Amino acid sequence: MTTITSTAPRRRFQGAALGMAAWLAGIVFVLPILWMVLTSFHSEADAATNPPSVAASLTLDSYRAFFGVDGGASPWPALINSMTASVVSTLLTLVLALPAAYALSIRPVKKWTDVMFFFLSTKMLPLVAGLLPIYLFAKNTGLLDNIWALVILYTAMNLPIAVWMMQSFLSEVPAAIIEAAQIDGAKLPTILWRVVAPIALPGIAATSLICFIFSWNELLFARVLTGVVAETAPIFLTGFITSQGLFLAKVCAASLVISLPVLAAGFAAQDKLVQGLSLGAVK
């Protein structure tokens, strides 16, 4: 009884210490984002002061400049291009990854571990190493400055990690449910979309969100393969860094606006995202 009583304060202290550490880590993580938001509402002169001026007057000039209210370039074509490339490539990745993950988990093929290692090894190739061949291919096929070139490229880039993640999620699907569907006469497409997909929905949501984020944030290939017509949001963001200097307030405003779709997608899918990532971690 004495031992239990003596360990109770220690456990409360450990719990409080872990809680404080979690809050401290959260503050450290959020503080730069909050500073970016505050800077976006400052004028360029106030944003460039050293040390920074926290109590400077607030203004919407940076957001007006970003949206082209004062006669600058409009960000909407770049935002639409990024949304098109990210959403379409994510959907294509899911359509291709779900049958592949099904074959590697529920109906495993021979030497499936070697197949999984091959998928993972493709992510080890430096992006710069494939830049020139992809550029020459796009040039010779007339796909330069074409948004569909990015759609195909992002699908190929995200497919290995999507298969790897979904294989772990689909391994949790009970085989008895699939066997019951087969006994009822369900074919493979029906089993995939009406049996497997609803059960593995948290994992699919986590995979789709990660693929969307990777596609939305990609900069290197978008910079090389696009020009004016297929310019994406990250390329438009770099346009605020010119030979005249770094327009810090405008960059912060543009970064905040461009980050909103990813934040909105994460907020909308947060429940299923946590379930999916937890399921993958346990597996």
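See the structure shown above.
Everything in this summary refers to the structure shown in the same document.

Cut-off values and rules
Residues numbered from 1 in each chain as written. Predicted model: local features only at pLDDT ≥ 70, side-chain atom pairs only at ≥ 80, totals over all residues. Heavy atoms only, no water. Helix = DSSP H or I, 4+ residues; strand = E, 2+ residues; numbered from the N terminus. Rg over C-alpha atoms; globule rule 2.2 N^0.38 Å. Buried < 20%, exposed > 50% of the residue type's maximum accessible area, 1.4 Å probe, protein only. Contact = heavy atoms within 4.5 Å. Areas by Shrake-Rupley, 256 points an atom, 1.4 Å probe, with all protein chains shown as cover. Lys, Arg positive; Asp, Glu negative; His and termini not counted. Charge placed at Lys NZ, Arg CZ, Asp CG, Glu CD. Patch = residues over 30% accessible without salt bridge, like charges linked within 9 Å, V, L, I, M, F, W, Y side chains within 5 Å. Salt bridge = Lys/Arg side-chain N within 4 Å of Asp/Glu carboxyl O.

## Here's the deal with the overall build of the protein chain
- Within the protein chain, the secondary structure is distributed over 14 helices and two strands.
- The C-alpha atoms of the protein chain give 24 Å as radius of gyration, which overshoots the globular expectation for 283 residues (19 Å, by more than 25%).
- Principal-axis analysis of the C-alpha atoms places the extent of the protein chain at approximately 75 × 70 × 35 Å.
- Taken across its 283 residues, the protein chain has 36% of its residues classed as buried.
- Within the protein chain, contacts between residues separated by at least 24 positions form 75% of all contacts whose residues are at least 6 apart in sequence.
- Surface exposure of the protein chain reaches about 16,600 Å², of which carbon and sulfur atoms provide 71%.
- Of the side-chain charges in the protein chain, 15 are positive and 12 negative, and the distance between the mean point of each set is 13 Å.

## Remarks on a nonpolar patch on the surface
- Residues F29, V30, I33 and L34 make up a contiguous nonpolar surface patch of roughly 380 Å² in combined accessible area.
- Summarising the element assignment, L34 is placed in helix α1 (residues 2-40).
- Assessed through its relative accessible area of 51%, L34 is described here as exposed.

## Points about the pattern of salt bridges
- Evaluated as defined, the whole model comprises one salt bridge.
- D61 serves as the salt-bridge partner of R64, at 2.9 Å between the closest nitrogen and oxygen. Of this pair, R64 and D61 both sit in helix α3 (residues 61-66), separated by three residues, roughly a single helical turn.
- Under the relative-accessibility criterion, D61 is labelled partly exposed at 42%.

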